[in-house]
Amino acid sequence: MDPIIVAEQQDGLLTLTLNRSDKRNALNTEMYLALTAALRQATQDDAVHVLLIQGQGDCFTAGNDLADFMGKSSLEADDPILQFLHTLADFPKPVIAAVGGPAVGIGTTLLLHCDLVYLGENARLQLPFVELGLVPEFASSLLLPRAVGHLKAAELLLLAEAIDAGEALRLGLANRVLAVEELLPFARAQGVKLAAKAPKALQKSKALLKQELRQAVHFVIDLEARAFSLALQGEEAQSRIARRLGRTTAS
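Residues numbered from 1 in each chain as written. Predicted model: local features only at pLDDT ≥ 70, side-chain atom pairs only at ≥ 80, totals over all residues. Heavy atoms only, no water.

A.B. asks: Please explain the packing of helix α10 (residues 214-233) against helix α11 (residues 235-245) as it appears in this structure.
C.D. replies: For any two helices packed against each other, the geometry comes down to the angle between their axes and how far apart the axes lie. The interhelical angle for the contact between α10 and α11, taken along N-to-C directions, is 65°, at an axis separation of 4 Å. On the basis of their axis angle, the class for α10 and α11 is roughly perpendicular. Residues Ala231, Leu232 and Gln233 of α10 pack against Glu235, Ala237, Gln238 and Ile241 of α11. (Axes fitted to C-alpha atoms, helices over the stretch in contact; angles between N-to-C directions. Helix = DSSP H or I, 4+ residues; strand = E, 2+ residues; numbered from the N terminus. Parallel < 35°, antiparallel > 145°, perpendicular 65-115°, else oblique. Contact = heavy atoms within 4.5 Å.)

Here it is as structure tokens:
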């Protein structure tokens, strides 16, 4: 079973589906490699005008696969996770996210890099990094305060409590909330509408919208990755992740 389903439609919309529903679409190394490859190919493909990201089943993604994470000693520049983060942050074409169900960790932080975000009524966003003894990633320590203000960003990142779709919309983290059965058809229709626009103008407009923060985003991605690596190696994260996985750690 392919962990990422790549479905290009004739109308210029490329759909990437996180396809690991037995693990609530939790992202592992294989999925990061597949996502990065798909993004790089889409960048070069003139037939692709717009990208849509969705999750298989009733979950967008449960975040990073913690069991996969436990085997990492650090996050180097060539790590598949960092390769994906930088590639999506640099992706030149409009990106739409259709989020149904839980969007945990990177499931929420990647929304900060999308151009349009649509949520199902069942969507729940959560940033549980501190809860796991970790720190923010994907430049969320930079982008989230700019999106929702410092106080609310601190609440979301430090208390690590989930918010529902209505709250996410109120905070400006989404464009619209839809009934679950309407989410994907609406997101696809918006993607088709966007793909019908002049592609060069679309890409230039996106670049202009993001130009102020482009260099800062890449800098903060790497800054957070170094802090994340140190936290991941620490006893706090190791013990908390092990408990989440139902394992024991050596004392």
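After that view of the structure, there is still more to cover.
A.B. asks: Please explain the packing of aromatic side chains as it appears in this structure.
C.D. replies: Aromatic ring pairs are defined here through the distance separating the ring centres and the angle between the ring planes. Scanning the model with the defined rule gives three aromatic pairs in all. For the pair Tyr32 and Phe84, a centre-to-centre distance of 5.6 Å together with 55° between the ring planes defines the contact as tilted. Note that Tyr32 is positioned in helix α1 (residues 29-44) and Phe84 in helix α3 (residues 80-90), a separation of 52 residues in sequence. Here the two residues Tyr32 and Phe84 agree in accessibility, since each one is buried. Ring geometry for Tyr118 against Phe186: centres 5.1 Å apart, planes inclined by 85°, an arrangement best described as edge-to-face. With Tyr118 in strand β6 (residues 116-120) and Phe186 in helix α8 (residues 180-195), this residue pair connects regions lying 68 residues apart in the sequence. A network of ring pairs unites the aromatic residues Tyr32, Phe84 and Phe138 as a single cluster. (Phe/Tyr/Trp six-rings, centres within 6.5 Å; stacked < 30°, edge-to-face > 60°. Buried < 20%, exposed > 50% of the residue type's maximum accessible area, 1.4 Å probe, protein only.)

A.B. asks: Is there a simple way to think about the sheet that holds strand β5 (residues 102-104) in this case?
C.D. replies: Sheet strands pair by backbone hydrogen bonding; their relative direction is either parallel or antiparallel. With respect to topology, three strands assemble into an open sheet ordered β5-β7-β8, the strand pairing being mixed. Either end of the sheet is taken by a strand with one partner, and the two such strands are β5 and β8 (163-164). Relative to β8, strand β7 (residues 124-126) is paired through two bridges, and the arrangement is antiparallel. Residue Arg124 lies in a different strand from β8, and its bridge partner there is Asp164. (Pairing = 2+ DSSP bridges.)

A.B. asks: Can you walk me through unusual backbone geometry in this structure?
C.D. replies: Glycine aside, residues mostly have negative phi angles, and peptide bonds mostly take the trans form. The phi dihedral of Ala139 falls on the positive side, at around 60°, and the residue is not glycine. Note on placement: Ala139 falls in the loop between β7 and α5 (140-148). For Ala160, which is not glycine, the phi torsion reads 60° and is therefore positive.

A.B. asks: What's the story with the pattern of salt bridges in this structure? I'm lost.
C.D. replies: Taken as a whole, this structure holds seven salt bridges when the rule is applied. Measuring nitrogen to oxygen at the nearest pair gives 3.7 Å for the salt bridge that ties Glu212 to Arg146. Of the two residues, Glu212 is situated in the loop between α9 (199-210) and α10 and Arg146 in helix α5; the sequence distance between them amounts to 66 residues. For Glu167, the salt bridge identified is with Arg170, shortest N-O distance 3.0 Å. Taken together, the residues span about one helical turn, with Glu167 and Arg170 both in helix α7 (residues 165-171) at a distance of three residues. For Arg170, a relative accessible area of 58% gives the class exposed. Each of Lys152, Glu155, Glu167 and Arg170 takes part in salt bridges that share partners, so that together they form one network. (Salt bridge = Lys/Arg side-chain N within 4 Å of Asp/Glu carboxyl O.)

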